[in-house]
Amino acid sequence: MLVLPKGVRHIPGHLDRDEQTSLVEDIRAVVRQAPLYRPEMPRTGKPLSVRMTNCGTLGWVSDKAGYRYQDSHPVSGAPWPPVPNRLKALWADLTGESRPPQACLINYYDVSARMGLHQDRDESDFSAPVLSVSLGDACLFRIGGTERGQPTRSFRLESGDVVILGGESRLAFHGVDRIYPMTSTLLKDGGRINLTLRRVDS
DNA sequence: AAGTACCG
DNA sequence: TAGC
C-alpha cells in the first residue's frame, strides 16, 4: 500500500466531470488572454518540455535569467488574467487559507512532456500550502522528501484529482515522470493540464 | 534552477 | 546519481 509523505494530501476524484469541464472552459479563457509559451532553463536557455502560462497577480516564469515571479506575460507583456472564481473557491475550501491565491501556474503537458524532480521554492512565504489540480490525461507523479536523495514514491494522478503540499511537505521534491496518452476525453487534443495555486508573499 | 546523460 |  502506498504511504504518502506527511503533509501530502492526494484527493482522488475531487472534481466531478462537470466541474472539470467548467474549469477547462475557465482555463481556455485565460489562455486566450495569456497564450501558452515555452519556458527556458536558467543559464542554458534549454526549453522545458511543458508549455506554460499563468493567471493571478503574479506568475512564475523561467528563462535564461532564472526563475522568478513577475506580474506580466513574458511574451506579450500584458498583466496576467485574474484567477477564475471557481479556482479561488477551491483554494478556500481545501487550504483553509483566508488569503486568496496570488499565483496560478498553468502547465500543459503534451504526451511526451515531463517535469524533473524539483521544489516549489521561489516564493518568499512558505506558510500556505501549494494546491495542484490535474485535468485531462493521467500522469505518473513522483514525490520525495525535502532534500534530494531522499526516497521517492510515484503514483498515478487522474483528471479531477487534487494534490496539496503543505506543512512539512511544502518543500517536498516532486515531478512528473510520464503522461499516459488517451486516458481522458476531457481535452479534445489530449495531453494534461496542471494548475498550481500558490501564495508568493506574506 | 523545473533537464538530462550516464551508470549499475 | 550528480555535475551543470
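Quantities reported herein were computed from a predicted structural model and do not represent experimental measurements. (Residues numbered from 1 in each chain as written. Chains lettered and ligands numbered in written order. Predicted model: local features only at pLDDT ≥ 70, side-chain atom pairs only at ≥ 80, totals over all residues. Heavy atoms only, no water.)

Caption draft 1: Quick peek at the environment of Tyr-180. Relative to the elements of secondary structure, Tyr-180 occurs in strand S11 (residues 174-180). In this structure, the C-alpha to C-alpha distance between Tyr-180 and Glu-19, residues 161 residues apart in sequence, is 22 Å. Excluding its chain neighbours within four sequence positions, the residues that come into contact with Tyr-180 are Asp-137, Ala-138, Cys-139, Leu-140 and Arg-156. (Helix = DSSP H or I, 4+ residues; strand = E, 2+ residues; numbered from the N terminus. Contact = heavy atoms within 4.5 Å.)

Caption draft 2: Representation of the pattern of salt bridges within the structure. Following the criterion strictly, the structure yields nine salt bridges and no others. Arg-170 is the salt-bridge partner of Glu-123, the closest N and O atoms lying 2.9 Å from each other. Pair noted here: Glu-123 is in the loop between strand S6 (115-118) and strand S7 (130-136) and Arg-170 is in the loop between strand S10 (162-165) and S11, with a separation of 47 residues, a long-range link. Arg-170 shares its class with Glu-123; the two are buried. Two residues, Arg-198 and Glu-123, come together in a salt bridge whose shortest N-O distance is 3.6 Å. (Salt bridge = Lys/Arg side-chain N within 4 Å of Asp/Glu carboxyl O. Buried < 20%, exposed > 50% of the residue type's maximum accessible area, 1.4 Å probe, protein only.)

Caption draft 3: The protein's contact with DNA strand B, seen in detail. As a structural note, the neighbourhood of DNA strand B is formed by 16 residues, with Arg-43, Lys-46, Tyr-67, Gly-116 and His-118 the closest of them. Considering DNA strand B, the proportion of its atoms within 4 Å of the protein that are sugar or phosphate atoms stands at 60%. In this structure, a sugar or linking oxygen belonging to DNA strand B sits 2.8 Å away from a side-chain N or O atom of Tyr-67. Within the side chain of His-118, a nitrogen or oxygen atom sits 3.3 Å from a base nitrogen of DNA strand B. Considering each element in turn, the surface near DNA strand B owes the most residues, four residues, to S6. (Near = heavy atom within 4 Å. Polar contact = N/O pair within 3.5 Å; in protein donor to acceptor, adjacent residues only side chain to side chain.)

Caption draft 4: Quick look at the sheet that holds strand S5 (residues 103-109). Taken together, the six strands give an open sheet; going across it, the order is S1-S10-S7-S12-S5-S2, and neighbouring strands pair in antiparallel fashion. Each edge of the open sheet is held by one strand with a lone partner, namely strand S1 (8-11) and strand S2 (51-56). Strand-to-strand, the axes of this sheet are offset by a mean angle of 15°, without reference to chain direction. Pairing of S7 with strand S12 (residues 192-198), which is carried by six bridges, proceeds in the antiparallel orientation. Pairing of Ser-134 across the sheet is with Asn-194, part of S12. Lying on the sheet, helix H1 (residues 17-33) is in contact with S2, S5, S7 and S12; it crosses S7 at an angle near 100°. Of the strands in this sheet, S1, S5, S7, S10 and S12 are in contact with helix H2 (residues 85-95), which crosses S7 at around 125°. (Pairing = 2+ DSSP bridges. Axes fitted to C-alpha atoms, helices over the stretch in contact; angles between N-to-C directions.)

Caption draft 5: Main features of the layout of surface pockets. Taken as a whole, the largest pocket spans an internal volume of roughly 660 Å³. Around the largest pocket sit 38 residues that line it, and Met-115, Gly-116, His-118, Asp-120 and His-174 are the ones nearest its centre. For the lining of the largest pocket, a count of residues per class yields 19 nonpolar, 10 polar and nine charged. In this structure, the second largest pocket encloses a volume near 250 Å³. Around the second largest pocket, the lining comprises 13 residues; the ones closest to its centre are Arg-28, Leu-36, Tyr-108, Leu-187 and Ile-193. Listing elements by their share of the lining of the second largest pocket, those giving two or more residues are H1 and S5. The dominant element in the lining of the second largest pocket, judged by the number of residues it contributes, is H1, at four residues. (1 Å grid on protein atoms, 1.4 Å probe; cavity = no way out; pocket = protein on both sides within 12 Å on 5 of 7 lines; lining within 4 Å. Points joined across faces, edges and corners; volume = space filled by probe spheres on them. Nonpolar A, V, L, I, M, F, W, Y, C, P; charged D, E, K, R; others polar.)

Caption draft 6: Examining the UniProt feature "binding site: substrate" (unreviewed entry) in chain A more closely. Annotation from UniProt places "binding site: substrate" (unreviewed entry) at Trp-60, Tyr-67, Arg-68, Tyr-69, Asp-122 and Arg-148. Across 89 residues of sequence, these annotated residues are also dispersed in space, with a maximum C-alpha separation of 23.6 Å. From this annotated list, the subset lining the largest pocket comprises Trp-60, Tyr-67, Tyr-69, Asp-122 and Arg-148. With respect to the helices and strands, Trp-60 occurs in strand S3 (residues 59-63). Other than its neighbours up to four places away in sequence, Trp-60 contacts Tyr-37, Met-52, Asn-54, Tyr-67, Arg-68, Tyr-69, Leu-105, Asp-122 and Arg-198. Checked against the element boundaries, Arg-68 lands in strand S4 (residues 66-70). (UniProt positions renumbered as here; feature names shortened; annotations may be inferred.)

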